[in-house]
Amino acid sequence: MKKLIVVILTLALLQSCGNNVKKTGDTLKKYPAFDVHNMDTTINPGNDFFAYTNGTWLKNNPIPADKNSKDAFDELFERNRENIKEIITDAASSKDAPQGSNKQKIGTFYNSGMDTVKINEEGIKPLKKFFDKIESVRTIEDVQMAGAYFQKYSISPFFVLFSNQDSKNSNNIIAQCYQTGLGLPEKDYYFNNDESTKMIREKYLEHLKKMFILLKDEPAVAEKNASIVMRMETQLAKASFSNVENQDPQKTYNKLDLDGLNKLAPEIKWQAYFTQTGYSGLKDANVYQPRFFKELGTMMKTETVDSWKTFLRWQLINSTASFISKDFEKQNFDFYYTTLSGQEKMEPRWKLVLDVTSGSLGEAIGQLYVEKFFPPAAKERMTALVMNLKKSLKQRIENLAWMGPKTKEEALAKLDKMGVKVGYPNKWRDYSGLEITSDSYVMNILNSQAFEFRFTMDKVGKPVDREEWDMTPQTVNAGYYPNRNEIVFPAGILQPPFFNLDADDAVNYGAIGMVIGHEMTHGFDNYGRQFDKDGNLRDWWTKEDSRLFDDRAAILIEQYNHYEVLDSAFVNGKLTLGENIADLGGITVAYNAYKLSLEGKEAPKPIDGFSDKQRFFLSYAQIWRTNMREAELRKRVKTDEHSPAKVRINGVVYNVPEFYEAFPSVKEGDKLFRPAAQRPVIW
Ligand SMILES: [Zn+2]
C-alpha cells in the first residue's frame, strides 16, 4: 500500500546474514570506504561494469540459508538490527519500567513475541473473537460488517481504508480505499502460463488446503475451501489493475462522495461499513481501482454467504499466521518464503520479533535509537550534502537543452520548494493510547495495528501536519513523497556504506550523493512530474516539453525491456521506468554535485590506483553488489518497480557520458558500450 504513496529508493533488498560488531553513538565503527578486493579486474569494465566492480565479492559471498539474497544492504541492515536490539533488550530485561511507559511497551511487546511456549500452546485461541465474528455471519450485510470489523485492526479482506492527502488538493486529507484480497503477490500470478508461475499456483492451492487443515477442516472440506478461495481471488485479480496501471496517478485518482461510491458498487453498504469502522462521518474517499470495487460489489451478489465466510477465514489466518503457533508459522513460511523466494530456513526468532516490535512501536524505539546512534554531526553533514545536490540539480535543469523556459520555471520552483527531512522528526508520536500486555503476541500486533488505523483515520478532514514522518528513524531507506513534495532520509540510512564519515568525497558522492539525487529525481520522473510544487496533481508542462520528456522516457523503456535477467525473465521497462529515470538522474546530478564540490580545490590524488572520478562510479556500483536466489529474482521482476541490482548498474553507467571520461578504456566494440546518440539525457 505504501508503495503507492511513497516512491522508495530500493528496498526489500534488506536481507542477509550479519555477525557485525555493535557500536555506540559517539564512536562510529570504522567501515572500509571502498574495497578494491571486491573487484574482478580481469573483466573489461566495458563488458560488464557490475562484475568488474563486484566480481570477487559475488564469488565469495554465497546466500545464507535464512536469506533470499545477500548484498551490501544486509550488512547495514544487520548492524542496524544489532543497534535496535540493544534498545529492545534493555527494555525487555528492565524490571522497573513504569506501567504504560514507552519502555514498558517495548519490553513487554518483545517478550510476548519471544514466549514461544505460550504462543505454541495457545495456537489460534487469541484470535477467537475474530473467528466468532465470522461464525456469526448470516447475511451478505454481515459479511461486509465482519470485513469492516477486521478493518479496525488493519486486517483488510476487501480493501485497506486509510487516509492521505487529496492529490488534487494537497492541503486536505481524505479517506483512501486501496484494493486487497489477493494472496499471491501480483495479478499476473493468477493468469500467466509459464512453467514457474503454474508451479506457484499449484503450490498455492496446496498451501491454502494445508492452512484450512490446520484450522481443523476435514481434508475434503479443506480442499473445497482452497478452491473457493482460489476462484474468488482469481475473479478479483481479473478486475485488478496491472502494476503498470497502478503507477498512473490520474487513473488511480477517483474521489467519490457517498453517492458516487453507492453508484460505483451499490452492493457494498458504504455508510454502514464506515460506521462499523468507527468513522460514520466520512463524506468521500478516493478509490484507487474503480474496476476492482465494481467487481467486489458484483461478487457480493454472485457468491454465497458461505463462500464469503471461507474467504474471511483465509484472510484472517493469512494476516496472522506468522505471529501464532509454530505449525501456522511454518506453513506460511514454506509458501511465502521458500516457494516464492527460495529461502531455505527462517531467520532466528529474535530478529523476526525485533522487526515486528520496531515496526509496531516505531517512534518509541526511534527516539531512543537516535539518542544512542545518530551523532548530530551526521545530520549537519547530510543537510549540507543535500543542499549541494539541490544546487547541482538546479544547474542541470537550467542547462537542459531539450526543455523550454516555461516548463523550466515551474521545475525550478518545484525544486526550490522541495522539503528535506534528515534523521528523525522534531516531535515524537504519543503512544499513550496503545496498551501492550503480556497476554498475547498476536493481539499486541493487532492492537498496534488498530492504534495505527485510528491514527491514520483521525487525520481525515484535519490540516496536514508537515512535521510528521511516515518512516521511522531506524529505517534503512529513503523516500520522495509527491503530495508533500518532500525528500526524507531517516537516520538508519545515514551510515556506511551509504554515508561514510571516513570515506573520501568521491566515494560518498557515489553512494549517499546518488541516493539523494535519486530521491530528488523522483519529483521529476514519469510519475512525480505530474505533481506540482505544492504536491497537487496538476499538469505544469507545455505540450511540447511533455512530448519531449516522453520521447526520452521511451528510449529507457526500450533499453530496459531488453535486459534478460534469467532465462525468459525480462525487466519490465514500463514498470521500472520511474526508478530507472531516478537512477539515471541521481547519478548524473550526484556527479555534477561532486564536480561543484571540487571548485577552488586541488584535484584529489588517486587512491588504490583509481582516480577520484573512477572511485565515484566504483562506489556507486559497489553499493549494489548483490547475490539473489533465482526464485526471488523471478518474483522481483514481476512485482518490484526497481530493476534488479545488476541492471541498476549496467543499465545506468553506459548512458552517462562522464562514465566514459572516467574510464577512457571503455570503447566502441565493448559489449555494453553505447554510442552517444543512443544515450538519453533526461535531467
Ligand atoms: Zn526510487
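Quick caveat, the model's predicted, so the values are computed rather than measured.

Calculation criteria
- Residues numbered from 1 in each chain as written.
- Predicted model: local features only at pLDDT ≥ 70, side-chain atom pairs only at ≥ 80, totals over all residues.
- Heavy atoms only, no water.
- Helix = DSSP H or I, 4+ residues; strand = E, 2+ residues; numbered from the N terminus.
- Buried < 20%, exposed > 50% of the residue type's maximum accessible area, 1.4 Å probe, protein only.
- Contact = heavy atoms within 4.5 Å.
- Lys, Arg positive; Asp, Glu negative; His and termini not counted.
- Charge placed at Lys NZ, Arg CZ, Asp CG, Glu CD.
- 1 Å grid on protein atoms, 1.4 Å probe; cavity = no way out; pocket = protein on both sides within 12 Å on 5 of 7 lines; lining within 4 Å.
- Points joined across faces, edges and corners; volume = space filled by probe spheres on them.
- Nonpolar A, V, L, I, M, F, W, Y, C, P; charged D, E, K, R; others polar.
- Axes fitted to C-alpha atoms, helices over the stretch in contact; angles between N-to-C directions.
- Parallel < 35°, antiparallel > 145°, perpendicular 65-115°, else oblique.
- Left-handed = near helix turned anticlockwise from the far one by under 90°.
- Salt bridge = Lys/Arg side-chain N within 4 Å of Asp/Glu carboxyl O.
- Pairing = 2+ DSSP bridges.

## Quick word on the overall build of the protein
Step number 1: Within the protein one finds 26 helices and 12 strands.
Step number 2: Put simply, the protein has 683 residues, and 60% of those count as buried.
Step number 3: Contacts in the protein between residues at least 24 apart in sequence constitute 75% of all its contacts with a sequence separation of at least 6.
Step number 4: Seen as two clouds, the 91 positive and the 92 negative side-chain charges of the protein have centres 1 Å apart.

## Focus: the layout of surface pockets
Rolling a probe over the atoms, with the probe sized like a water molecule, indicates the empty space that remains.
Step number 1: Space inside the largest pocket adds up to approximately 490 Å³.
Step number 2: Considering the residues around the largest pocket, the lining is formed by 26 residues, among which V565, P644, A645, K646 and V647 are closest to the centre.
Step number 3: Those elements giving two or more residues to the lining of the largest pocket turn out to be α2 (49–60), β10 (564–566), β12 (626–628), α24 (630–639) and α25 (645–653).
Step number 4: When residues of the lining of the largest pocket are assigned to their parent elements, the largest contribution, 5 residues, is made by α25.
Step number 5: Of the residues belonging to the lining of the largest pocket, the class tally is 12 nonpolar, 7 polar and 7 charged.

## Considering unusual backbone geometry
Step number 1: Each neighbour pair has its own omega, and for P496 with P497 the value is 5 degrees, a cis peptide bond.
Step number 2: With respect to the secondary-structure elements, P497 resides in the loop between β9 (486–490) and α20 (505–522).
Step number 3: A positive phi angle, close to 80 degrees, is found at K216, a residue other than glycine.
Step number 4: Assessed through its relative accessible area of 72%, K216 is described here as exposed.
Step number 5: The phi angle at D608 is positive, at roughly 55 degrees, despite the residue not being glycine.
Step number 6: Tracing the backbone through its elements, the reader meets D608 in the loop between α22 (577–598) and α23 (612–623).
Step number 7: Of the residues examined, D608 reaches a relative accessible area of 43% and is grouped as partly exposed.

## Some points on the packing of α20 against α22
The description of two packed helices rests on the angle between their axes and on the distance between the axes.
Step number 1: Closest axis-to-axis distance for the α20/α22 pair is 6 Å, and the angle between their directions is 135 degrees. With respect to each other, α20 and α22 are oriented oblique. When the axes of α20 and α22 are compared, the crossing they make is right-handed. For the pair formed by α20 and α22, the contact residues are D505, A506, Y509, G513, M514, G517, H518, T521 and H522 on the first element and G578, E579, I581, A582, D583, G585, G586, I587, A590, A593, Y594 and S597 on the second.

## Brief notes about the pattern of salt bridges
Step number 1: Throughout the structure, instances matching the rule amount to 45 salt bridges.
Step number 2: Between E398 and K394 there is a salt bridge; the shortest N-O distance is 3.4 Å. Of this pair, E398 and K394 are both found in helix α17 (residues 376–399), 4 residues apart, which corresponds to roughly one turn of the helix.
Step number 3: The structure contains a network of salt bridges with shared partners spanning K67, E78, R81, E347, K351 and D355.

## Describing the sheet that holds strand β5 (residues 255–257)
Hydrogen bonds between backbone atoms are what pair the strands of a sheet, whose relative direction is either parallel or antiparallel.
Step number 1: Overall, mixed pairing links the 4 strands, which are arranged β3-β4-β6-β5 in an open sheet. Of all the strands in the sheet, just β3 (159–166) and β5 have a single pairing partner and so form its edges. Across the sheet, the mean angle from the axis of one strand to that of its neighbour is 35 degrees, orientation sign disregarded.
Step number 2: As paired strands, β3 and strand β4 (residues 169–179) are joined by 8 bridges and run antiparallel to one another.

Just distances and angles here, no functional claims.
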